[in-house]
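Report on the structure
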Amino acid sequence: ASKMKRKNVKLSEVYDIFAIRIIYKPQNENSENIAAYKIKNIIENIYGINPDRVRDWIKTPKLTTGYRALHLSVKA
């Protein structure tokens, strides 16, 4: 709610009312990215995703923290 107030966003404009975090253990360090994109493809095939709401922090990690993740919004 505080983020909505800070950014002056209405509830009807919020896409991520519900979130799920998937944590996985890759077989080895080299397969980490491949596994992430396989999981993305499974989610995309089952639910469909909004391509405008994909944030790929694996391809371009955050410079300040090195944060790496995929953020997706599925279609309701």
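Quick note: structure is the one above.
Now for a look at the structure at hand. (Residues numbered from 1 in each chain as written. Predicted model: local features only at pLDDT ≥ 70, side-chain atom pairs only at ≥ 80, totals over all residues. Heavy atoms only, no water.)

Let's talk about the overall build of the protein chain
Each helix and strand in the protein chain was counted, giving two helices and two strands. Going from the N terminus to the C terminus, the protein chain shows its helices and strands as α-α-β-β. Since a compact globule built from 76 residues should have a radius of gyration of about 11 Å, the 15 Å found for the protein chain marks it as more spread out than a globular shape. Counting across all 76 residues of the protein chain, residues that qualify as buried make up 16%. Of all intrachain contacts in the protein chain linking residues separated by at least 6 positions in sequence, the fraction that spans at least 24 positions is 37%. (Helix = DSSP H or I, 4+ residues; strand = E, 2+ residues; numbered from the N terminus. Rg over C-alpha atoms; globule rule 2.2 N^0.38 Å. Buried < 20%, exposed > 50% of the residue type's maximum accessible area, 1.4 Å probe, protein only. Contact = heavy atoms within 4.5 Å.)

As for the environment of lysine 59
Position of lysine 59 relative to the elements: it lies in the loop between strand E1 (55-56) and strand E2 (70-71). With a relative accessible area of 63%, lysine 59 lands in the exposed category.

Concerning the packing of aromatic side chains
Counted according to the given criterion, the structure contains zero aromatic pairs. Just above the ring of tryptophan 57 sits the side chain of lysine 62; from NZ or CZ to the centre is 4.7 Å. (Phe/Tyr/Trp six-rings, centres within 6.5 Å; stacked < 30°, edge-to-face > 60°. Lys NZ or Arg CZ within 6 Å of the ring centre and 35° of its normal.)

Details of the pattern of salt bridges
In this structure the tally under the stated criterion is two salt bridges. Note that glutamate 32 is salt-bridged to arginine 68, the shortest N-O span being 3.8 Å. Of the two residues, glutamate 32 sits in helix H2 (residues 32-47) while arginine 68 sits in the loop between E1 and E2, which places them 36 residues apart along the sequence. Of the charged contacts in the structure, one is a salt bridge between lysine 40 and glutamate 44, with a shortest N-O distance of 3.3 Å. Residue lysine 40 and its partner glutamate 44 are located together in helix H2, separated by four residues, close to a single helical turn. According to the relative accessible area criterion, lysine 40 is buried, its value standing at 17%. On the basis of relative accessibility, which here comes to 30%, the residue glutamate 44 falls in the partly exposed class. (Salt bridge = Lys/Arg side-chain N within 4 Å of Asp/Glu carboxyl O.)

Side note on the environment of alanine 36
Along the chain, alanine 36 turns up in helix H2. Along the sequence, alanine 36 and tyrosine 24 sit 12 residues apart, while their C-alpha atoms lie 8.3 Å from each other. If near-sequence neighbours (up to four positions away) are discounted, alanine 36 is found in contact with Tyr24, Ile58 and Leu70.

Remarks on the side chain of aspartate 56
Mapped onto the elements, aspartate 56 comes out in strand E1. An unpaired buried charge is present at aspartate 56: no salt bridge exists, and lysine 59, the closest side chain of opposite charge, is 4.2 Å distant. Excluding anything up to four places from it in sequence, aspartate 56 contacts Tyr37, Ala69 and Leu70. (Lys, Arg positive; Asp, Glu negative; His and termini not counted.)

Such coordinate-based values are descriptive only and should not be taken to indicate function.
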